[in-house]
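Commentary on secondary and tertiary structure
So the chains spell out like this:
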Amino acid sequence: MGEREGVPVYVRDLAAVKVGPEIRTGAATRDGKEVVLGTAIMLKGENSRLVSSRVHEKLKEIQKTLPEGARIDTVYDRTHLVNKTIHTVKKNLFEGGIFVIAVLLILLGNLRAGLIVASAIPLSMLFAMTGMVATKTSGNLMSLGAIDFGLIVDGAVVMVENIIRRLSEKKESGEAPANYTEKVLEAATEVARPVVFAVSIITIVYLPILTLQGIEGKMFRPMALTVVMALAGSLLFTLTLIPVLCSFFLKGIKEKENKVLHFVHSRYKPTLDWAFKNQKKVFFWNG
C-alpha cells in the first residue's frame with residue numbers, strides 16, 4: 001500500500017488481484033509438437049546395463065495401458081552406449097593380447113617359451129576380474145582399457161629367460177636329466193627378488209590414485225585397482241606357475257641368439273662404439 005496526497009493507494013486500485021496459473025518452467029517438443037518427456041533415474045551402485053534393460057521392459061508394459069494414439073518413444077537408450085563400450089573394451093583387450101603374444105614369440109625365438117610367458121596374460125586378467133567382482137569394482141573402458149599387457153608379462157619374461165639360460169648351461173655341462181627341476185628352482189630363486197622389486201615399484205606408482213575422492217576417485221580408482229590386481233596376479237603366477245610350466249615343457253631347450261635381436265644388435269653396436277669414441281660430440285649434441 002502507498003499514499004498520494006494523503007489518500008491511501010491500494011493494489012486493487014492499480015490492478016485486478018486474482019489467483020493465476022502456475023508459471024511454466026519447461027517444455028519439450030518433437031517435430032514441432034509438444035510431448036511429455038521423462039527420465040529414468042538409476043540408483044547409486046546399480047548396474048547401468050541391467051537397469052536400462054529393465055526400463056525397456058517396463059516401457060513395453062506401460063505402452064499397453066496408454067490410450068489409443070499415445071505411444072512411448074525412446075529418445076536416448078543408455079544400453080547402446082554400454083554395449084558399444086563393452087565391444088570397444090573386448091576389441092582392445094583382444095588385439096593388445098594378440099600383439100603382445102606375437103612380439104613374445106618373435107623376440108623369445110621359442111614357441112614353448114613364448115606360450116608359457118603368454119599364459120600370464122589370461123591368468124592375470126582372471127585374477128584381476130575375480131578381485132573386481134569381490135571388491136565390486138566397476139569394469140569400464142577406463143579400468144579395463146588401462147591394463148598394459150606389456151607390464152603384466154615383464155616378470156614372466158625375466159623368469160623364463162633366466163630358466164632357459166640355466167637349462168642351457170646344464171645341457172652344455174652334460175648334467176643328468178634328474179637335475180632339471182633343481183636347475184629350474186635355482187634359476188627361479190635367482191631372479192625372484194628382482195622380479196618382486198620391479199613389479200612392486202610399478203604397483204606403487206598406482207597407489208596414490210587410490211586416495212582420490214569425488215568425481216576424480218569415481219573415474220580413476222577403478223582403473224588403479226584393476227591394474228594393481230592384475231600386477232599382483234602376474235607376480236603370483238610368475239613366482240609359482242611359470243617355473244612349474246618351465247620344468248615340464250622346457251626340457252632339452254637350448255639357448256640361442258634370436259635372429260631379430262641379432263639383426264638389431266648388429267646395427268646398434270657400431271653406433272654405440274662410435275658414441276663411446278666421440279663422447280664429447282654426443283654429450284654436446286644431446287645437450
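Figured I'd write up the structure that's included with this text. Since the model is a prediction, treat every value here as computed from it, not as a measurement.

Points about the overall build of the chain
A count of helices and strands for the chain gives 11 helices and 4 strands. Since a compact globule built from 287 residues should have a radius of gyration of about 19 Å, the 33 Å found for the chain marks it as more spread out than a globular shape. Expressed as lengths along the three principal axes of its C-alpha atoms, the size of the chain is roughly 120 × 60 × 35 Å. Expressed as a percentage of contacts within the chain between residues at least 6 apart in sequence, the contacts between residues at least 24 apart total 70%.

Details of the environment of Gly214
For Gly214, the location among the structural elements is in helix α8 (residues 214–239). According to the relative accessible area criterion, Gly214 is exposed, its value standing at 53%. Between the C-alpha atom of Gly214 and that of Val9, which follows or precedes it by 205 residues, the distance is 56 Å.

Re the packing of helix α1 (residues 48–65) against helix α2 (residues 78–108)
Orientation of α1 relative to α2, taken along the N-to-C sense of each, is 145°, at an axis distance of 9 Å. Relative to α2, α1 is oriented so that their crossing is left-handed. Packed against α1, whose contacting residues are Ser48, Arg49, Ser52 and Ser53, the element α2 presents Arg78, Thr79, Val82, Asn83 and Ile86 at the interface. Residue classes in the contact of α1 with α2 are distributed as 2 nonpolar, 5 polar and 2 charged.

Examining the packing of aromatic side chains
The final tally for this structure, using the stated rule, is 2 aromatic pairs. Taking 6.5 Å as the distance between ring centres and 85° as the angle between the ring planes, the aromatic pair formed by Phe127 and Phe237 counts as edge-to-face. Of the two residues, Phe127 sits in helix α4 (residues 120–135) while Phe237 sits in helix α8, which places them 110 residues apart along the sequence. Accessibility expressed as a relative area gives 34% for Phe127, which makes it partly exposed. Lying over the aromatic face of Tyr10, Arg12 brings its terminal NZ or CZ to 4.4 Å of the ring centre.

Observations concerning the nonpolar core
The biggest cluster of nonpolar side chains holds 46 residues, and the ones touching the most others in it are Phe149, Val160, Ile163 and Leu250. Within the residue set of this core, elements represented by two or more residues are α2, α3 (111–118), α4, α6 (149–173), α7 (180–206), α8 and α9 (241–249). Among the elements that take part in this core, α6 stands out by supplying 9 residues, more than any other. When sequence neighbours within four positions are dropped, the list of residues in contact with Phe149 reads Leu93, Gly96, Gly97, Val100, Ile121 and Met125.

Conventions used here
- Residues numbered from 1 in each chain as written.
- Predicted model: local features only at pLDDT ≥ 70, side-chain atom pairs only at ≥ 80, totals over all residues.
- Heavy atoms only, no water.
- Helix = DSSP H or I, 4+ residues; strand = E, 2+ residues; numbered from the N terminus.
- Rg over C-alpha atoms; globule rule 2.2 N^0.38 Å.
- Contact = heavy atoms within 4.5 Å.
- Buried < 20%, exposed > 50% of the residue type's maximum accessible area, 1.4 Å probe, protein only.
- Axes fitted to C-alpha atoms, helices over the stretch in contact; angles between N-to-C directions.
- Left-handed = near helix turned anticlockwise from the far one by under 90°.
- Nonpolar A, V, L, I, M, F, W, Y, C, P; charged D, E, K, R; others polar.
- Phe/Tyr/Trp six-rings, centres within 6.5 Å; stacked < 30°, edge-to-face > 60°.
- Lys NZ or Arg CZ within 6 Å of the ring centre and 35° of its normal.
- Core = buried A, V, L, I, M, F, W, Y, C linked by side-chain atoms within 4.5 Å.

So yeah, pure geometry; function would need other evidence.
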